[in-house]
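Structure assessment
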Amino acid sequence: KPYPNITPIQAALWHKNEEIELLDPGLGSWGFMTGQKPSPDQASSTARHKVLGMTVDSLMVQFQLERIDILKIDIEGAEKEVFSDTSEWLPKVDAMIVELHERMKAGCNRSFYAGSQGFDNEWTLGENVYLSRSDYLSPA
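A short tour of the structure in this document, coming up. These figures come from a predicted structure and were not determined experimentally.

With that settled, the discussion passes to the packing of aromatic side chains. Note on aromatic pairs: each is described by the distance of the centres and the angle between the planes. In the structure shown here, the tally under the stated rule is four aromatic pairs. Relative to Y113, the ring of F112 lies with its centre 4.9 Å away and its plane at 70°, an arrangement referred to as edge-to-face. Given the relative accessible area of 31%, Y113 is considered partly exposed. Note on W123 and Y130: the rings are 5.5 Å apart at their centroids and 5° apart in plane angle, and the pair reads as stacked. For Y130, a relative accessible area of 18% translates into the label buried. In textbook terms, an aromatic cluster arises when at least three aromatic residues are bridged by ring pairs, as seen for F83, W89, F112 and Y113. The ring of F119 has R133 lying over it, and the distance from NZ or CZ to the ring centre is 4.1 Å.

Read from one edge of the open sheet, four strands run β5-β6-β8-β7, paired in mixed fashion. The two strands at the open ends of the sheet, each matched to only one other strand, are β5 (68–73) and β7 (121–125). For this sheet, the mean inter-axis angle between neighbouring strands, taken without regard to orientation, is 15°. Examined bridge by bridge, strand β6 (residues 93–99) and strand β8 (residues 128–132) share five bridges and lie antiparallel to one another. Counted as the bridge partner of V98 is V129 from β8.

Rules and cut-offs
Residues numbered from 1 in each chain as written. Predicted model: local features only at pLDDT ≥ 70, side-chain atom pairs only at ≥ 80, totals over all residues. Heavy atoms only, no water. Phe/Tyr/Trp six-rings, centres within 6.5 Å; stacked < 30°, edge-to-face > 60°. Buried < 20%, exposed > 50% of the residue type's maximum accessible area, 1.4 Å probe, protein only. Lys NZ or Arg CZ within 6 Å of the ring centre and 35° of its normal. Pairing = 2+ DSSP bridges. Helix = DSSP H or I, 4+ residues; strand = E, 2+ residues; numbered from the N terminus. Axes fitted to C-alpha atoms, helices over the stretch in contact; angles between N-to-C directions.

Here it is as structure tokens:
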């Protein structure tokens, strides 16, 4: 309520606009993951309930966003899927902060780095990878 510019959305960031599962791989309340069904590396995961999966570009259309200044992503392994095809939205993002979860889902790092081309600056701090475009950091 105190932040009228924030709109909560009951959905998960994903690479397709489709219904997916919220999975509990047994890592505690901070480690829920998303997926179409438990994959072989998530064999012990328990499906909790279904949730709408949404792409970044569909969110941009829904909220009439032409650009994203800073995109912060912490999606517990879904980086593998979200960064598998970034052609529609990545050119419209000026800076990103992403927490990678390779330890939770193999292939996250590879997908992220393959799908995040075009940024001039990269640095890491703790678990986060920071990417920005040089023209974004330049004074107006």
